[in-house]
Amino acid sequence: MKNIYFWKSFIKKIKKDFKNINFEMIASEKNSGLTRFAQSTIHQNVAETNLNLNFKVIDKNKISVVKINNLDESILLKNIERAIELCRIMPELDYLYHQ
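What comes next is a walk through the structure. (Residues numbered from 1 in each chain as written. Predicted model: local features only at pLDDT ≥ 70, side-chain atom pairs only at ≥ 80, totals over all residues. Heavy atoms only, no water.)

1. A closer look at the overall build of the protein chain
Our working rule: Counting from the N terminus, the helices are the DSSP runs of H or I reaching at least four residues and the strands are the DSSP runs of E reaching at least two. Atoms counted for the radius of gyration: C-alpha only. Globule rule: 2.2 Å times the number of residues to the power 0.38. Only heavy atoms enter the contact rule, under which two residues are in contact if any of them lie within 4.5 Å. Each accessible area is a Shrake-Rupley estimate made with a 1.4 Å probe; only the visible protein chains count as cover when residues are assessed. Charged residues are defined here as Lys and Arg on the positive side and Asp and Glu on the negative side; His and the ends of the chain fall outside this count. Positions of charges follow a simple convention, taking NZ of Lys, CZ of Arg, CG of Asp or CD of Glu.
Secondary structure assignment for the protein chain yields 2 helices and 3 strands. Helices and strands appear in the protein chain in the N-to-C order α-β-β-β-α. Over its C-alpha trace the protein chain gives a radius of gyration of 19 Å, far above what one expects of a compact globule, namely 13 Å for 99 residues. In terms of overall dimensions, the protein chain has C-alpha extents of about 60 × 30 × 20 Å along its principal axes. Within the protein chain, contacts between residues at least 6 apart in sequence are counted, and of these 53% link residues at least 24 apart. When the accessible surface of the protein chain is split by element, carbon and sulfur atoms take 49% of a total near 7600 Å². Positive and negative charge centroids in the protein chain, built from 16 and 11 side chains respectively, lie 4 Å apart.

2. Some points on the packing of aromatic side chains
For clarity, the threshold we go by: Centres within 6.5 Å make a pair out of two Phe, Tyr or Trp rings, where for Trp the six-membered ring is used; the pair is then stacked when the planes are under 30 degrees apart, edge-to-face when over 60, and tilted otherwise. Any residue under 20% of the maximum accessible area for its type is buried, any over 50% is exposed, and the rest in between are partly exposed; the area is computed with a 1.4 Å probe on protein chains only.
On inspection of all chains with the given rule, the structure shows 4 aromatic pairs. On the basis of an interplanar angle of 5 degrees and a centroid distance of 6.0 Å, the ring pair of Phe6 and Phe10 is categorised as stacked. You can see Phe6 and its partner Phe10 sitting in helix H1 (residues 4-17), 4 residues apart, about one turn around the helix. Take Phe6 and Phe10: they sit in the same class, and that class is buried. Measuring from centroid to centroid gives 6.3 Å for Trp7 and Phe10, while their planes differ by 85 degrees, and the two rings are edge-to-face. Of this pair, Trp7 and Phe10 both sit in helix H1, 3 residues apart, roughly one helical turn. Overall, Phe10 belongs to the buried group, its relative accessible area being 3%. Connected via pairs of aromatic rings, a cluster forms that spans Phe6, Trp7 and Phe10.

3. With respect to the nonpolar core
Rule in force here: In this text, buried Ala, Val, Leu, Ile, Met, Phe, Trp, Tyr and Cys residues form a nonpolar core when linked through side-chain atoms within 4.5 Å.
Judged by nonpolar contacts, the single largest core of 19 residues is most densely connected at Phe10, Ile14, Phe18, Phe55 and Ile80. Looking at this core, the elements with two or more residues in it are H1, strand S2 (41-59), strand S3 (62-68) and helix H2 (73-89). A total of 6 residues in this core trace back to one element, the largest contributor, which is H2. What Phe18 contacts, discounting residues up to four positions off in sequence, is Leu77, Ile80, Glu81 and Ile84.

4. Notes on the packing of H1 against H2
Filter applied, for reference: For helices, the fitted axis covers only the stretch in contact; all axes are lines through C-alpha atoms, and the angles between them, taken along N-to-C directions, range from 0 to 180 degrees. Orientation is classified from the angle alone, with under 35 degrees giving roughly parallel, over 145 giving roughly antiparallel, 65 to 115 giving roughly perpendicular, and any other angle giving oblique. The hand of a helix crossing depends on one turn: near helix anticlockwise from the far one by less than a right angle means left-handed, and clockwise means right-handed. Gly counts as polar in this scheme, as do all residues outside two lists: the nonpolar Ala, Val, Leu, Ile, Met, Phe, Trp, Tyr, Cys and Pro, and the charged Asp, Glu, Lys and Arg.
For the pair H1 and H2, the least separation of the axes is 12 Å and the interaxial angle reads 45 degrees. The orientation of H1 relative to H2 falls into the category oblique. When you trace H1 past H2, the crossing you get is right-handed. Across the interface between the two elements, Phe6, Phe10, Lys13 and Ile14 of H1 pack against Glu73, Leu76, Leu77 and Ile80 of H2. Here the residues of the contact of H1 with H2 are counted per class, giving 6 nonpolar, no polar and 2 charged.

Below is the structure:
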């Protein structure tokens, strides 16, 4: 997973590039591994790390969410732009959403 300095600088970039938007961002990482055996000996070790990023845009009483699993900065920014566009066309909620 990226270190805390990556996320801090990334959030600063979002705030600079996308002024006047309210957002929430949740990053979660899952590590899993397994060992395969053949003839009672270790045959293969397999490990995997999955990162999921949920990015929620809140505009007055409209909300949109994108889920991203690629940390390439251009892809992240493209998906944030998509979330902003989705938020603009979403109908308003029937209730008041508080951050």
